[in-house]
Amino acid sequence: SALEVLAIIASHPPAKAIFVYRDGALHQVTAAMKQHPNDLSIQATALRTLSNLSYGSGSDITTSFGPAVTLIVRAMKRHIMHAKVQLYGCCTLHYIASVHAKTVAESYGIQTLLAAMKEYAHDVMLQEQGCAAIYIILNEGDSEQDVETFMNEQALPLVLTAMLQT
């Protein structure tokens, strides 16, 4: 599909800026996510594309991801039983958290990351990405409120278990 082509192209660093700014790839991906929220294949491929676009990108690119945060969290909640959706969602939230920590937290991102980590406790990469995203959100967001959310979710044992795996 066209989204799969975008996912592959998005993984090549020289193409990222062109892709995001000139060609409007981010808008196209988020439009597909909005139009087909129940289509598992589209959501997984869209999240893979967003993950590839955001990986290693500077704030000039990740700043444009603000409107995607809600869509990422929504896809992760809706498709909790699909490992790739959870992995690519965790990766993308990790890569954009330094710019969008507050937005991620306000969109129930901490709870969503923790749900993915609980569901896929055996997936080391997901655990690493989830922990990294949560660390950035707690470090750069609204610390007091975010830490309270983290503690209310009884997440400390989950993070400690993830530490033992990675």
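Everything quoted here is computed from the prediction, not taken from an experiment. (Residues numbered from 1 in each chain as written. Predicted model: local features only at pLDDT ≥ 70, side-chain atom pairs only at ≥ 80, totals over all residues. Heavy atoms only, no water.)

1. Section: the overall build of the chain
Note the cut-off: By the criteria applied, helices consist of DSSP H or I runs no shorter than four residues and strands consist of E runs no shorter than two, each listed in order from the N terminus. A simple rule labels every residue: compare its accessible area, found with a 1.4 Å probe on the protein chains alone, to the largest value its type can have, and call it buried under 20%, exposed over 50%, or partly exposed in between. Throughout, a contact is declared for two residues whenever any of their heavy atoms are within 4.5 Å. Accessibility throughout is a Shrake-Rupley quantity obtained with a 1.4 Å probe, and a residue counts as covered only by protein chains that appear here.
Across its full length, the chain holds eleven helices and zero strands. Here the chain, with 166 residues, has 49% of them falling under the buried criterion. Contacts in the chain between residues at least 24 apart in sequence constitute 72% of all its contacts with a sequence separation of at least 6. Just so you have it, the chain exposes about 8100 Å², and 56% of that area is on carbon and sulfur atoms.

2. Remarks on the pattern of salt bridges
Keep this limit in mind: By salt bridge we mean one thing: a side-chain nitrogen of Lys or Arg within 4 Å of a carboxyl oxygen of Asp or Glu.
A full pass over the atoms with the stated rule returns one salt bridge. K102 serves as the salt-bridge partner of E106, at 3.8 Å between the closest nitrogen and oxygen. Linking E106 with K102, this pair stays in helix α7 (residues 83–106), spanning four residues, or about one helical turn. Take E106 and K102: they sit in the same class, and that class is exposed.

3. Here's the deal with the environment of S41
The topology assignment puts S41 in helix α4 (residues 40–54). The spacing of S41 and L3 is 38 residues in sequence and 9.7 Å in space, taken between C-alpha atoms.

4. As for the confidence of the model for the chain
Defined as follows: pLDDT: the predictor's confidence for each residue, scored from 0 to 100.
Per-residue pLDDT for the chain averages 86, and the proportion of residues at 70 or more is 85%. Per-element confidence in the chain ranges from a low mean pLDDT of 66 for helix α2 (residues 13–22) to a high of 97 for helix α6 (residues 68–78).

5. A look at the side chain of D123
The condition is simple: Residues scored as positive are Lys and Arg, those scored as negative are Asp and Glu, and His as well as the terminal groups of each chain are ignored. Here a polar contact is recorded for every N or O atom pair within 3.5 Å, except that within protein the pair must consist of a potential hydrogen donor and a potential acceptor, and residues adjacent in sequence are included only if both atoms are side-chain atoms.
Along the chain, D123 falls in the loop between α8 (109–119) and α9 (124–140). An unpaired buried charge is present at D123: no salt bridge exists, and K84, the closest side chain of opposite charge, is 6.7 Å distant. Polar contacts involving the side chain of D123 include one to the main-chain amide nitrogen of M125, which spans 3.2 Å.

6. Details of empty space enclosed by the protein
Just so we agree on the cut-off: Whether a set of points on the 1 Å grid over the protein atoms alone is a cavity depends on a 1.4 Å probe fitting there but being unable to get out, while an open set qualifies as a pocket with protein on both sides within 12 Å along at least five of seven lines; lining residues are those with an atom within 4 Å of a point. Grid points are joined across faces, edges and corners, and a volume is the space filled by probe spheres set on the points. Ten residues, namely Ala, Val, Leu, Ile, Met, Phe, Trp, Tyr, Cys and Pro, are considered nonpolar, four, namely Asp, Glu, Lys and Arg, are considered charged, and the remaining ones, Gly among them, are considered polar.
According to the stated counting rule, one finds one cavity of 30 Å³ or more in the structure shown. Of the voids in this model, the largest cavity is the one considered here, and its volume is about 50 Å³. A total of four residues in the lining of the largest cavity trace back to one element, the largest contributor, which is α6. In terms of residue class, the lining of the largest cavity is made up of four nonpolar, one polar and two charged.

7. A look at the packing of α4 against α6
For clarity, the cut-off: Every angle, taken between N-to-C directions, lies between 0 and 180 degrees, and every axis is a line fitted to C-alpha atoms, over only the stretch in contact when it is a helix. Roughly parallel refers to an angle under 35 degrees, roughly antiparallel to one over 145, roughly perpendicular to one between 65 and 115, and oblique to any angle outside these ranges. A crossing counts as left-handed when the near helix is turned anticlockwise from the far one by less than a right angle, and as right-handed when that turn is clockwise.
Two numbers describe how α4 lies on α6: the axes approach to 11 Å, and their chain directions differ by 135 degrees. Between α4 and α6, the interaxial angle falls into the category oblique. Between α4 and α6 the crossing geometry is left-handed. Between α4 and α6, the residues in contact are Q43, L47 and L50 and A68, I72 and A75, respectively.

8. Let's talk about α7
The condition that has to hold: Expected helix span is computed as 1.5 Å times (number of residues minus one). One axis is fitted to the seven residues ending at the residue and one to the seven starting there. The bend at that residue is the angle between these axes.
With 24 residues, α7 should reach 34 Å at 1.5 Å per residue; the first-to-last C-alpha distance of 24 Å falls well below that figure. Along its length, α7 reaches its greatest deviation from straightness, about 110 degrees, at H100. Counting buried residues in α7 gives 17 out of 24 residues, a clear majority hidden from the surface. Looking at the residues trailing α7, positive phi occurs at Y108, about 65 degrees.

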